[in-house]
Amino acid sequence: RMFIGLLIGLTISTIFDLKGDVFRVVVLCSAAPIGFNVLTFASLAKLDVEFASSAVSVSIIIGMIVIPMLMYYLQL
């Protein structure tokens, strides 16, 4: 979700010709890790909660690396 979201955010920013802070916010928000509501949905639907919690954990760990790098390259 993070990498596909990043590509979609870059595409949207390019299509709408966004510049400056608006461009940075769109790109950073589109690359955000998956949220904790995945755990709620998995629990309510009686799906594999352990898999959902693992996905959230891995996503947050990747986000801890990718988001600061994006901020550096986007010069926020």
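No experiment lies behind these values; they were computed from the predicted model shown.

Asks: Explain the overall build of the protein chain to me, please; I cannot follow it from the model alone.
Replies: Across its full length, the protein chain carries four helices and zero strands. Counting from the amino terminus, the protein chain carries its helices and strands in the arrangement α-α-α-α. Taking 11 Å as the expected radius of gyration for a compact globule of 76 residues, we find that the protein chain reaches 15 Å, considerably beyond that expectation. A principal-axis box enclosing the C-alpha atoms of the protein chain has dimensions of 45 × 25 × 15 Å. Within the protein chain, contacts between residues separated by at least 24 positions form 59% of all contacts whose residues are at least 6 apart in sequence.

Asks: Explain the pattern of salt bridges here, please?
Replies: Side chains that differ in sign of charge can pair as their charged atoms come close. Scanning all chains against the criterion turns up two salt bridges. The shortest N-O distance in the salt bridge between Asp-21 and Arg-24 comes to 3.0 Å. One end of the pair is Asp-21 and the other is Arg-24, both in helix α2 (residues 20–30) and three residues apart, which spans about a single turn. On the basis of relative accessibility, which here comes to 52%, the residue Asp-21 falls in the exposed class.

Asks: Would you explain the nonpolar core in this entry?
Replies: Across soluble globular proteins, you tend to see nonpolar side chains buried next to one another. One finds Met-2, Leu-6, Val-27, Leu-28, Ala-31, Val-66, Leu-70 and Leu-74 forming the largest nonpolar core, which totals eight residues. Only α1 (2–15), α2 and α4 (49–73) provide two or more residues apiece to this core. Not counting residues within four places of it along the chain, the set of residues in contact with Val-27 comprises Leu-6, Gly-9, Leu-10, Ser-13 and Leu-74.

Asks: Sorry, what's going on with the packing of aromatic side chains here?
Replies: How two aromatic rings sit relative to each other is set out by the distance from centre to centre and by the angle between their planes. Across all of its chains, the model carries one aromatic pair by this definition. Both rings, one in Tyr-72 and one in Tyr-73, keep their centres 5.4 Å apart while their planes meet at 70°; by these two values the pair is edge-to-face. The pair formed by Tyr-72 and Tyr-73 is uniform in burial state, with each residue classed as exposed.

Asks: Explain unusual backbone geometry to me, please; I cannot follow it from the model alone.
Replies: In most cases, non-glycine residues show a negative phi, while peptide bonds are predominantly trans. Notably, Asp-17 is not glycine yet its phi reads approximately 55°, a positive angle. Here Asp-17 is to be found in the loop between α1 and α2. We note that Lys-46 has phi near 60°; this positive angle belongs to a residue other than glycine. On the basis of relative accessible area, Lys-46 is assigned to the exposed category, the value being 73%.

Definitions and limits used
Residues numbered from 1 in each chain as written. Predicted model: local features only at pLDDT ≥ 70, side-chain atom pairs only at ≥ 80, totals over all residues. Heavy atoms only, no water. Helix = DSSP H or I, 4+ residues; strand = E, 2+ residues; numbered from the N terminus. Rg over C-alpha atoms; globule rule 2.2 N^0.38 Å. Contact = heavy atoms within 4.5 Å. Salt bridge = Lys/Arg side-chain N within 4 Å of Asp/Glu carboxyl O. Buried < 20%, exposed > 50% of the residue type's maximum accessible area, 1.4 Å probe, protein only. Core = buried A, V, L, I, M, F, W, Y, C linked by side-chain atoms within 4.5 Å. Phe/Tyr/Trp six-rings, centres within 6.5 Å; stacked < 30°, edge-to-face > 60°.

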